[in-house]
Amino acid sequence: MKTWIFLAAATFAGAATGQSVSYRDNDPFVFCAYGLKNPDRCWWPISAAAGTFMWDPTCNPPNTPYGRPRTPQDYASNAEWLSVCTGVGEGKWEGAGTGEQYPYDH
């Protein structure tokens, strides 16, 4: 289930050089499929295989006075998602619940 995604992420993301995922307890399946766990995040993934994501419209774009400000974590996690997850195929979670809940909530 998660194993093949981890292997694919490791292969395509250069994990052999020591790169790891800084979010979601270093679980590339969950990070690539769901993005950050923070409910106040300013972006979320649409398709890792296509490299598409969406900025939350309630977060203000740079240099505008409206909305919540994007945090450094928003920018850093989005950049890491683009570098680690883009072009990696997404498998479907086949266990109970979601991949976020196995083996513990993360």
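Note that this is a predicted model, so its numbers are computed, not measured. (Residues numbered from 1 in each chain as written. Predicted model: local features only at pLDDT ≥ 70, side-chain atom pairs only at ≥ 80, totals over all residues. Heavy atoms only, no water.)

Asker: Please clarify how the environment of Phe53 should be interpreted in this entry.
Answerer: One can find Phe53 in strand β2 (residues 52–55). Note on Phe53: relative accessible area 24%, which makes it partly exposed. In this structure the C-alpha to C-alpha distance between Phe53 and Trp43, which are 10 residues apart in sequence, comes to 6.9 Å. Those residues in contact with Phe53 that lie beyond four places of it in its chain are Trp43, Trp44, Pro45, Ile46, Asn78, Trp81 and Leu82. (Helix = DSSP H or I, 4+ residues; strand = E, 2+ residues; numbered from the N terminus. Buried < 20%, exposed > 50% of the residue type's maximum accessible area, 1.4 Å probe, protein only. Contact = heavy atoms within 4.5 Å.)

Asker: Any chance you could explain the packing of aromatic side chains here in plain terms?
Answerer: Geometrically, a pair of aromatic rings is defined through the distance of the ring centres and the angle of the planes. Using the criterion set out here, one finds 7 aromatic pairs in the structure. A ring pair is formed by Phe31 and Trp43, whose centres lie 6.4 Å apart and whose planes are at 90°; its orientation type is edge-to-face. Of the two residues, Phe31 is situated in helix α2 (residues 28–34) and Trp43 in strand β1 (residues 43–47); the sequence distance between them amounts to 12 residues. There is no split in this pair, since Phe31 and Trp43 are both buried. Judged by centre distance (5.8 Å) and plane angle (80°), the ring pair of Phe53 and Trp55 falls under edge-to-face. Judged by its relative accessible area of 24%, Trp55 falls in the partly exposed class. By way of ring pairs, the aromatic residues Tyr23, Phe31, Trp43, Phe53, Trp55, Tyr75 and Trp81 are connected into one cluster. Sitting over the ring of Trp55, Arg70 keeps its end group 4.0 Å from the ring centre. (Phe/Tyr/Trp six-rings, centres within 6.5 Å; stacked < 30°, edge-to-face > 60°. Lys NZ or Arg CZ within 6 Å of the ring centre and 35° of its normal.)

Asker: Can you help me understand helix α3 (residues 72–85) in this one?
Answerer: An α-helical turn contains 3.6 residues, so a residue and the one three or four places further along point in the same direction. A rise of 1.5 Å per residue sets the reference length of α3, with its 14 residues, at 20 Å; its end C-alpha atoms lie 19 Å apart and thus fit the reference within 8%. For α3, the complete set of buried residues consists of Asp74, Ser77, Asn78, Glu80, Trp81, Val84 and Cys85. The arc that holds the buried residues of α3, viewed along the axis, is 165°, so those residues lie on one side. Looking at the residues trailing α3, positive phi occurs at Gly87, about 85°. (Expected span 1.5 Å × (residues − 1). Arc of directions from axis to C-beta.)

Asker: Can you help me understand the pattern of salt bridges in this one?
Answerer: Working definition: two side chains of opposite charge can pair if their charged atoms are close together. For the structure on display, the rule yields 1 salt bridge. Asp56 serves as the salt-bridge partner of Arg68, at 3.1 Å between the closest nitrogen and oxygen. Note that Arg68 is positioned in the loop between β2 and α3 and Asp56 in the loop between β2 and α3, a separation of 12 residues in sequence. Residue classification places Arg68 among the partly exposed positions, given a relative accessible area of 29%. (Salt bridge = Lys/Arg side-chain N within 4 Å of Asp/Glu carboxyl O.)

Asker: Help me understand the pairing of β1, please; the structure alone is not making it clear to me.
Answerer: In regular strands, side chains alternate between the two faces of the sheet. Summarising the sheet, β1 and β2 pair through 4 bridges and their orientation is antiparallel. What sits directly across from Pro45, in β2, is Phe53. The hairpin formed by β1 and β2 contains 4 residues between the paired strands, and Gly51 there has a positive phi angle of roughly 75°. (Pairing = 2+ DSSP bridges.)

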